[in-house]
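Commentary on secondary and tertiary structure
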Amino acid sequence: MPFDLGATARLTAECRDAGGTLANATTAVVTVTLPDGSTATPAVTNPPAQTGQYRADYVTVQAGRHTVRWQFTGPAHAYVDVLDVREAEPAWLFSLADAKEQLNLTTSNQDEEVRDKIGATTRAVEWFVGPVAVRTVTEVHQAAVMQTLALRKVPALSLTSVAAVLDGGTSYETSALDLDGDTGVVQRRDGGLMYGPLRVVYRAGRLIVPENIREGGELILQHLWRTRQGPGRPQLGVGDFDVTEPIPGLGYAIPNRALQLLSPDQLPPGMA
C-alpha cells in the first residue's frame, strides 16, 4: 500500500544463503532511490532480531515511486522492491469516513485498502467528467501562433500564469486574458494573437461537487470493493448485475448506473 508523505516506511527483506536457508549476513545495506534520483541509506540493525529477517525504517520526504535495494554479503544475496508515496494533498473524491459509510465498514483494519479504492474511484470518475478535486495543472502548448488555446483539464477555475517557454518569447498577464472555464478556451481580451510555445499554469476542478458525481463515484467504489471479494465479472442476482456491457476504455470496471449518473457532466469526445 502507498505511504503518506512524511510517514515512516518499514522496509523488510530476507537474507538467504545459496541453499535458500535464512542466514545472517556479514554486511547488510539498503538503498532507497527517490523519485528525483537521489538516494538514502537507512540504518540496518545487524544481526537482526530474527535470523535472516532484516528491516529498516525510512521516513518519506518525496511523493512518487521509490525503488529499494538490499545488498548482503557473507552470504551474497540481494533483494529489490518498490514503495509508493502519496502526494501531500491527494485529490480524492470523498473522505475515508464517507467511503466506509458507503461500504458499511465499521472497523479500521481495512482503511488502507479503502483509501486505495478511493484513489482508483476518483481517477475513474475524472476520466468521464474531468477534475473533481481542485488542483494546480501545468501544461505546455506548442503552437507558434494561436488565436485561442484550449486547456486540457476542464472545468478550469483560474489562470495562474501564461509564460513563454523559449528565451525571448512573449509571456502574458492573466488579467489580459479571458478564460472560459467550462471549455478551457483562453484568448486575449483585446482580440490579438498569442505566440508560443507557452507554459500555462492554472487551477482546475470543482469548488462544489454535484450530487450526481458524488453518487456515481460511490457506486463505482462499491462495485470495486465487491469485485475484490468475488468474481471480477458482474453476476446476475447481485447488486452489480447492471454491468452488462463493457465501457470502452474501462471494460467492466464501471456499473452502468454510475455512468448514467455521471453523463450530465461527461466531457465531450477527445477531452477525457
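Notes on the structure in this doc start here. (Residues numbered from 1 in each chain as written. Predicted model: local features only at pLDDT ≥ 70, side-chain atom pairs only at ≥ 80, totals over all residues. Heavy atoms only, no water.)

Looking at the overall build of the protein
Our working definition: Note on conventions: DSSP H or I runs of at least 4 residues are helices, E runs of at least 2 residues are strands, and numbering of each starts at the N terminus. Relative accessibility decides the category of a residue: with a 1.4 Å probe and only protein chains considered, values under 20% of the type maximum give buried, values over 50% give exposed, and everything between is partly exposed. A 1.4 Å probe and the Shrake-Rupley method give the accessible areas. Residues count as covered only by the protein chains that appear here.
If you tally the helices and strands in the protein, you get four helices and 14 strands. Taking all 272 residues of the protein together, 36% fall into the buried category. Total accessible area computed for the protein in this model is approximately 14700 Å², and 51% of it derives from carbon and sulfur atoms.

Quick look at a nonpolar patch on the surface
We count it as follows: Note on patches: the residues involved have over 30% relative accessible area and no salt bridge, like charges join within 9 Å, and the nonpolar side chains Val, Leu, Ile, Met, Phe, Trp and Tyr join within 5 Å. Think of a salt bridge as a Lys or Arg side-chain nitrogen and an Asp or Glu carboxyl oxygen that are within 4 Å of each other.
Taken together, the side chains of V134, L207 and I208 make up a nonpolar region of the molecular surface, amounting to roughly 340 Å² of accessible area. Looking at the element boundaries, I208 is found in the loop between β14 (198-204) and α3 (211-228). According to the relative accessible area criterion, I208 is exposed, its value standing at 72%.

Quick look at the pattern of salt bridges
Tallied over the full model, the rule gives 16 salt bridges. E113 is the partner of K117 in a salt bridge, and the nearest nitrogen-oxygen pair spans 3.9 Å. Here K117 and its partner E113 are both found in helix α2 (residues 111-129), four residues apart, which amounts to about one turn of the helix. Members of the salt-bridge network, linked through shared partners, are D4, R86, E112, R115 and D116.

Overview of the sheet that holds strand β12 (residues 185-188)
Applied cut-off: Here, strands pair whenever DSSP counts at least two bridges between them. Each axis is a line fitted through C-alpha atoms, and for a helix only the stretch in contact is used; angles between axes span 0 to 180 degrees, taken between their N-to-C directions.
One open sheet holds the three strands; their spatial order is β9-β12-β11, and the pairing between them is antiparallel. Where the open sheet ends on each side, the last strands, each with one partner, are β9 (148-150) and β11 (177-180). Neighbouring strand axes in the sheet, compared pairwise and without regard to direction, differ in orientation by 20 degrees on average.

Focus on the pairing of strand β6 (residues 77-85)
Pairing of strand β5 (residues 64-73) with β6, which is carried by nine bridges, proceeds in the antiparallel orientation. Paired with H66 across the bridge in β6 is L83. If you look at the hairpin formed by β5 and β6, you'll find three residues sitting between the two strands, and G74 has a positive phi there, around 60 degrees.

So, the nonpolar core
Stated formally: Here the nonpolar core consists of buried residues drawn from Ala, Val, Leu, Ile, Met, Phe, Trp, Tyr and Cys, with membership extended through side-chain atoms lying within 4.5 Å.
Counting 21 residues, the largest nonpolar core has V114, V125, V129, I213, I220 and L262 as its most contacted members. Those elements that provide at least two residues to this core are α1 (96-103), α2, α3 and α4 (256-262). Counting residues in hydrophobic clusters, the runner-up holds 18 residues, among them A13, L34, Y54 and F72.

Topic: the environment of T160
Here is the rule we go by: We call two residues contacting when some pair of their heavy atoms lies within 4.5 Å.
Summarising the element assignment, T160 is placed in strand β10 (residues 156-164). When sequence neighbours within four positions are dropped, the list of residues in contact with T160 reads T174, V201, Y202 and R203.

Some words on the pairing of β11
Strand direction decides the pairing type here: β11 and β12, joined by four bridges, are antiparallel. Opposite D178, over in β12, you have Q187 as the bridge partner. In this structure, the hairpin formed by β11 and β12 is closed by a connection of four residues, where G184 is found at a positive phi of approximately 80 degrees.

Considerations on α2
Rules: Here the expected length of a helix is defined as 1.5 Å per residue gap, with one fewer gap than residues.
Taking 1.5 Å of rise per residue, the 19 residues of α2 would be expected to cover 27 Å, and the 27 Å separating its terminal C-alpha atoms lies within 8% of that figure. Looking one or two residues past α2, G130 carries a phi angle of roughly 85 degrees, positive in sign.

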